[in-house]
Amino acid sequence: MADLENTTDDSIIVCDDVHKWFDDFHVLKGITTAFKKGEKAVICGPSGSGKSTFIRTINRLEIHQRGRIIVDGIELSDDLRNIDRIRQEVGMVFQQFNLFPHLTVLQNVTLSPIWVKKLAKGEAESEALALLERVGIEEHAHKFPAQISGGQQQRVAIARALAMQPKIMLFDEPTSALDPEMINEVLDVMRELAASGMTMLVVTHEMGFAREVADRIIFMDEGAIVEEAAPDIFFDNPQNERTRLFISQTLQH
Amino acid sequence: MENNSPNSVSEKIPFWRDVRVLRVLFQVIFLIGILLLAGILYMNMLRGLRGLGLTLNLDFLNDEAGFGIAEGIAYEPSDTYLRAFWVGVVNTIRVSIIGIACATILGLVVGIARLSSNWLVRNIAAIYVECFRNIPLLLQILFWYTAVILQLPSVRQSFTFFGGVFINQRGVYLPEPQPTSDMNIWLGYLAGGFILGLILYLVRLRKLRQLEQPGFPAKWALPAFLLVAFVGWFLTPGKPFTWELPALRGFNFAGGIYLSPEFSALLVGLVMYTGAFIAEVVRSGIQSVAKGQREAAKAIGLNEFQTLRLIVLPQALRVIAPPLTSQYLNLTKNSSLAVAIGFPDLFNVGNTMMNQTGQSIPIFGMIMMSYLIISLTTSAYMNWYNRRINRIGR
């Protein structure tokens, strides 16, 4: 606990001994780590290792049952006010995009500024159009999600998350549901976002992206952090046997 | 020789192997079969009627009915059978429309409550649904009539709510708005507001079309109309209408809107029963919305109520609308159980007419046609609604 207080100075996210169970299944077994402001962290690991669950605890889509998570000085607890504040500071992008199919692209992006931040509609729309331009979708603003491609949908989802002007962005396997030729258009947007100084936590299997963009790579297995290191060390000189096995399997194809 | 070559595709197909010919042929045979069957039944009916000394004509409808009808639109026993039948039709439509509106609200609330995270709310909703869905409707209507409404206090000890609503064993008495002489002035404002609203509606509709933007075409029209109505209310010299309160005169209440015990029991029975089914329809509709939709809504900071209203319900509605239509039709048809407690609905009045005239076949035909027309109108409206909500975002 003493560590925790010391690290808060330059850290925007602090996790201390985070545990989670799904009924009897112990998904997260004591995650302790911290993320600096502006840091880009890639979290990888075999399926079922708890990496998605871990980043979902950071905006409280999953509730941790033991330990502490502090995001930008706000402790995640059952306090509704804290949860509301966290959701405005942390944006999230999902594997399945989860755009709202009954709303247009523009409405998807303006929904939360209008309803949560109580922005005037015109203001919300001009901000949304600027964001859509940033991700390269402005010409599709009045289409419905079903009318655009998967890569375009995921870019809209990124714009929707950015519309709340979050300090932190969580990416939960953002390219795993995409056709191969669309992966790069999404990664390009993420690269641009990384260059702008956003704090990013990315769960992904895109090792090329990880090597290029990440400040740190966290390897998880069976609900715990096995190894964390800068990309060059992680890929070229992994310390743990399980990490070595994972890297060799991932990079082979 | 040539026919064996692969190029001879233009070979004439004999008709007994030609799919196109066979398709038409089978339909013709089917149609002939149906017509034959209908013909046999019709001839049989005519023979039976001749045996009874009856003919198929509707002249009796102009005869004096001679029986009383307890409630409904203006009617005297000296009116014709046709008028009596019409009273029944209006009563059926009245109980159905009010019933559908109440059952929809009840079903929506209970359906949402069944998915509540609150243990108590969730289980009360579940118990309600399981009880009312699984007891025969006839029994429920009789229960409300004999065990609840007829057991209410006498007129002098009525339950009173807000000083204007009275409930006792003779029924329910509600305040009724009574137009005053100034009503016409206010109606003038309403008409003006309506015309203004209509113009704004059309202007906005055209603008939305031009911009190819989705939107709510009545967005300007509705507030404009309400504003004119509201301002008009104050510009009218007197009050456009006053509330007429039911008042105890002699042995009973007079004035206001009166709901008979029969109407009330039938309405409560239909609403509670159909509400339970609608709750299940609403629940399954909400559950059909992908889990990711709720998560995405939470992640962008929407609260529970906003998530339900903006994300879940609009998508659930597409799944809800078709089975909801069936429930509306069921409620309308089930209203014929009114006969058990003596509410003069379409079927009850028709029944009396059959007993008096012996013209069972034409009257049965009229009753069936009436239900058919009411039901088909309901489905036509719901189909239109369904198409409208499905057009968006597909």
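The residue count restarts for each chain, going from 1 along the sequence in the order it is written. Key to labels: chains lettered from A, ligands numbered from 1, both in the order written. Local features in this predicted model are restricted to residues of pLDDT 70 or higher, and side-chain atom pairs are both shown and tallied only at a pLDDT of 80 or more, whereas totals for entire chains, interfaces and linings draw on every residue. To obtain the side-chain values, all non-hydrogen atoms of the structure were used and water was disregarded.

Secondary structure assignment for chain A yields 10 helices and 10 strands. If you line up chain A on its principal axes, its C-alpha atoms span 50 × 45 × 35 Å. When accessible area is computed with a 1.4 Å probe and restricted to protein chains, residues below 20% of their type maximum are described as buried, those above 50% as exposed, and intermediate ones as partly exposed. In chain A, buried positions account for 56% of the 253 residues. In chain A, 65% of the contacts between residues at least 6 apart in sequence involve partners at least 24 apart. Accessible surface, chain A as shown: approximately 10,800 Å² in total, 48% of it carbon and sulfur. In chain A, 26 positive and 39 negative side-chain charges are present, and the distance between their average locations comes to 4 Å. Secondary structure elements follow DSSP: runs of H or I no shorter than four residues count as helices, runs of E no shorter than two count as strands, and numbering proceeds from the N terminus. The contact criterion used throughout is that any non-hydrogen atoms of two residues lie within 4.5 Å. Method for areas: the Shrake-Rupley scheme with a 1.4 Å probe, in which residue coverage is limited to the protein chains shown. In this tally, Asp and Glu contribute negative charge and Lys and Arg positive charge; neither His nor the terminal groups of the chain are included. Lysine's charge is taken at NZ, arginine's at CZ, aspartate's at CG and glutamate's at CD.

On to the nonpolar core, then. By convention a nonpolar core is built from buried Ala, Val, Leu, Ile, Met, Phe, Trp, Tyr and Cys residues, the set being connected through side-chain atoms within 4.5 Å. In this structure, Leu-132, Ile-158, Met-169, Phe-171, Met-190 and Met-200 of chain A are the most contacted members of the largest nonpolar core, which totals 48 residues. Membership of the second largest hydrophobic core comes to 42 residues, among which are Leu-137, Leu-267, Val-312 and Ile-341 of chain B.

Attention shifts here to the packing of aromatic side chains. Residue and element names in this part refer to chain B. Note on ring pairs: Phe, Tyr and Trp rings are taken, using the six-membered ring of Trp, and paired if centres are within 6.5 Å. Classes follow the plane angle, with under 30 degrees stacked, over 60 edge-to-face and the rest tilted. Counted under the stated rule, the structure contains 12 aromatic pairs over all chains. An angle of 85 degrees between the planes, with centres 5.5 Å apart, marks the rings of Phe-15 and Trp-16 as edge-to-face. For the pair Phe-15 and Trp-16, one class covers both residues: exposed. A ring is scored as having a charge over it whenever the NZ atom of a lysine or the CZ atom of an arginine sits within 6 Å of its centre and within 35 degrees of its normal. The ring of Phe-263 has Arg-94 sitting right over it, with the charged end atom 4.4 Å from the ring centre. When the ring centre of Trp-220 is taken as origin, the NZ or CZ atom of Arg-204, which lies over that ring, is 5.2 Å away.

Below, the discussion takes up the pattern of salt bridges. Any carboxyl oxygen of Asp or Glu that lies within 4 Å of a side-chain nitrogen of Lys or Arg is treated as forming a salt bridge with it. In this structure the tally under the stated criterion is 24 salt bridges over all chains. Here Glu-39 of chain A makes a salt bridge to Arg-216 of chain A, at a shortest N to O gap of 2.7 Å. Placement of Glu-39 of chain A in the loop between strand S2 (25-36) and strand S3 (40-44) and of Arg-216 of chain A in strand S9 (residues 216-221) is noted, with a sequence separation of 177 residues between them. On the basis of relative accessible area, Glu-39 of chain A is assigned to the buried category, the value being 10%. Given a relative accessible area of 14%, Arg-216 of chain A falls into the buried group. Within this structure, Arg-114, Glu-130, Arg-133, Glu-280 and Arg-283 of chain B form a network of salt bridges that share partners.

On to the domain arrangement of chain B. Bear in mind that the domain bounds are from an automatic or database domain assignment. Domain annotation for chain B reports domain 1 (81-141 + 261-393) and domain 2 (180-243). A straight line from the C-alpha centre of domain 1 of chain B to that of domain 2 of chain B covers 31 Å.

This brings us to the environment of Trp-115 of chain A. Positionally, Trp-115 of chain A belongs in helix H4 (residues 105-115). Setting aside anything within four residues of it in sequence, one finds Trp-115 of chain A in contact with Leu-302, Gln-306, Arg-309 and Leu-310 of chain B.

All names here are of chain B. Expected helix span is given by 1.5 Å per residue-to-residue step, counting one fewer step than there are residues. Across its 34 residues, helix H1 (residues 19-52) extends 50 Å between first and last C-alpha, which sits within 8% of the 50 Å expected from 1.5 Å per residue. Summarising burial for H1: 1 of the 34 residues are buried, a small minority. For this analysis, a polar contact is any N or O atom pair within 3.5 Å, provided that within protein one partner can donate a hydrogen and the other can accept it, and provided that sequence-adjacent residues contribute only side-chain to side-chain pairs. Capping of H1 at its N-terminal end is provided by Asp-18; its side-chain oxygen lies 2.9 Å from the backbone amide nitrogen of Arg-20. Remark: Gly-53 follows H1 within two positions and exhibits a positive phi of approximately 80 degrees.

Residues and elements named next belong to chain A. Summarising burial for S9: 6 of the 6 residues are buried, a large majority. At least two DSSP bridges between two strands are required for those strands to pair. Across 4 bridges, the pairing between S3 and S9 is parallel. Looking at the pairing, Ala-41 lines up with Arg-216 of S9. Inspection of the sheet shows S9 paired to strand S10 (residues 224-229) by 5 bridges, in the antiparallel sense. The residue of S10 that forms the bridge with Met-220 is Ile-225.

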